[in-house]
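The residues making up each chain are set out below.
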Amino acid sequence: MPFRFGLIGAGAVADTHVLAMRVLPDVQAVAVADVNQARARALAERHGIPEVYESADALLANSHVDAVDILTPHDLHLHAVRAAAKAGKHVLVEKAMAHTVAAADEMIEVCRARGVTLGVIFQNRFSAAGCALRQAVESGSLGHIFLASVSVKVQRSAEYYRRAPWRGQRPGGGVLMINAIHTLDLLQWVVGMPKRVLGRKATAVHSIDAEDLAVGLLELDGAGTAVLQATTAAIPEIPPELEIHGDRGTAAVFDSRGYLGFWSSTLDQPRPLPERWSLYASHFHEQEATIPTQASPEPHAENIRDFVAAVREGRPPMVDGPEARKALVIVDALRRSAQRNAWVEIA
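Worth saying up front: this structure is predicted, and the values here are computed from it rather than measured.

**Quick look at the overall build of the protein chain**
Step number 1: In terms of helices and strands, the protein chain carries 11 helices and 14 strands.
Step number 2: In the protein chain, which comprises 347 residues, the share counted as buried stands at 52%.
Step number 3: Surface accessibility of the protein chain: about 15,400 Å² in total, with carbon and sulfur atoms responsible for 53%.

**Quick look at the nonpolar core**
Step number 1: Counting 73 residues, the largest nonpolar core has V68, V91, M97, L184, L187, L228 and I244 as the members making the most contacts within it.
Step number 2: Considering every element that reaches this core, the biggest residue donor is helix α8 (residues 175-191), with 10 residues.
Step number 3: With sequence-adjacent residues up to four places away left out, M97 is seen in contact with H77, A104, M107, I108, L118, V120, G321, A324, R325 and L328.
Step number 4: With 25 residues, the next largest nonpolar core counts F3, A20, M21 and F307 among its residues.

**Comments concerning the pattern of salt bridges**
Step number 1: Taken as a whole, this structure holds 20 salt bridges when the rule is applied.
Step number 2: A salt bridge links D185 to R125; the nearest nitrogen and oxygen atoms lie 2.8 Å apart. Of this pair, D185 sits in helix α8 while R125 is found in the loop between β6 (118-121) and α6 (128-138), placing the two residues 60 residues apart along the sequence.
Step number 3: A salt bridge links E323 to K326; its shortest N-O distance comes to 2.6 Å. Here E323 pairs with K326, and both are found in helix α11 (residues 321-340), just three residues apart, close to one helical turn.

**Focus on the packing of helix α5 (residues 101-114) against α11**
Step number 1: It is at 10 Å that the axes of α5 and α11 come closest, and there the two elements cross at 170 degrees. As summarised for this structure, α5 and α11 are arranged roughly antiparallel, according to the angle between their axes. Across the interface between the two elements, V101, A104, D105 and I108 of α5 pack against G321, P322, R325, L328, V329 and D332 of α11.
Step number 2: Residue classes in the contact of α5 with α11 are distributed as six nonpolar, one polar and three charged.

**Focus: the confidence of the model for the protein chain**
Step number 1: In the predicted model, the protein chain carries a mean pLDDT of 90, and the fraction of residues at 70 or more is 88%.
Step number 2: Below pLDDT 50 for its whole length, residues 283-294 participates in 19 contacts with residues either more than four positions away or in separate chains.

Thresholds applied
Residues numbered from 1 in each chain as written. Predicted model: local features only at pLDDT ≥ 70, side-chain atom pairs only at ≥ 80, totals over all residues. Heavy atoms only, no water. Helix = DSSP H or I, 4+ residues; strand = E, 2+ residues; numbered from the N terminus. Buried < 20%, exposed > 50% of the residue type's maximum accessible area, 1.4 Å probe, protein only. Areas by Shrake-Rupley, 256 points an atom, 1.4 Å probe, with all protein chains shown as cover. Core = buried A, V, L, I, M, F, W, Y, C linked by side-chain atoms within 4.5 Å. Contact = heavy atoms within 4.5 Å. Salt bridge = Lys/Arg side-chain N within 4 Å of Asp/Glu carboxyl O. Axes fitted to C-alpha atoms, helices over the stretch in contact; angles between N-to-C directions. Parallel < 35°, antiparallel > 145°, perpendicular 65-115°, else oblique. Nonpolar A, V, L, I, M, F, W, Y, C, P; charged D, E, K, R; others polar. pLDDT = per-residue confidence, 0-100.

Below, the structure is given as structure tokens:
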């Protein structure tokens, strides 16, 4: 029997989720609920979703729904998760899992108490490049990791924030919570949680309440440091990038499409600098042209596949509540650091 999802929220990311579900032969999107009925009906018509509801409560009363996929603004996640867990539905949540760490903790606890599975979308962990990056670090191929770089320099228009005002409101919106959190999650998944952070943030360009610019230093275990640069005002937009530098080489993931570049060390080889750079270049393949803001459904599909398997097998998904909470903790620490103008320890 197919695994049946009900979608709570029919906003911009819903199309990507439904397309990802269609990749999976035993998964179906069978219902959608949104306060904007026109938007919900349009999504249903585009993808052949048979049932449209005016409220999440009405959808949750559908006995044919095995799990809900929560795609609402971040500050509405907790309410939806409470209701879903009470109805006995398993829960998949789009990142960020909540607008605060306290809300995330309550989501984890309510799902545990009700015996339902809680999973979160962090699809970059399921891209071929993300997995290869982690393997390169864990295998020791890069040697001692001493530096990492998180670069998220995207372009979001004034209309982007007008169309969904929550994107520019604290604490659920802003470049850290909406955009940089993906790459910060990949960073901590690959090299571990930072010990402490120093953050700075500003509203530099857009007329919004939350930050559209953030920078930070993240102290890693083993005397390594990560550097963060993030903005929604870059012209032109540059695909997000995560670089990991070790004393034997560098690996980098470019774009959410999942491209991995790898350069091995040649410093022990007696060659002049131009020849060494030629050797570096021989390990590099230019990525194909992409639309930087277009998400690919394939990593989402793998994320959803693992969640469905976890429910069926009675195990935690790879990105469960405690795992997804980690990136939220980093974002929260960076924001608190910026407010205090001081380093913030991460327990």
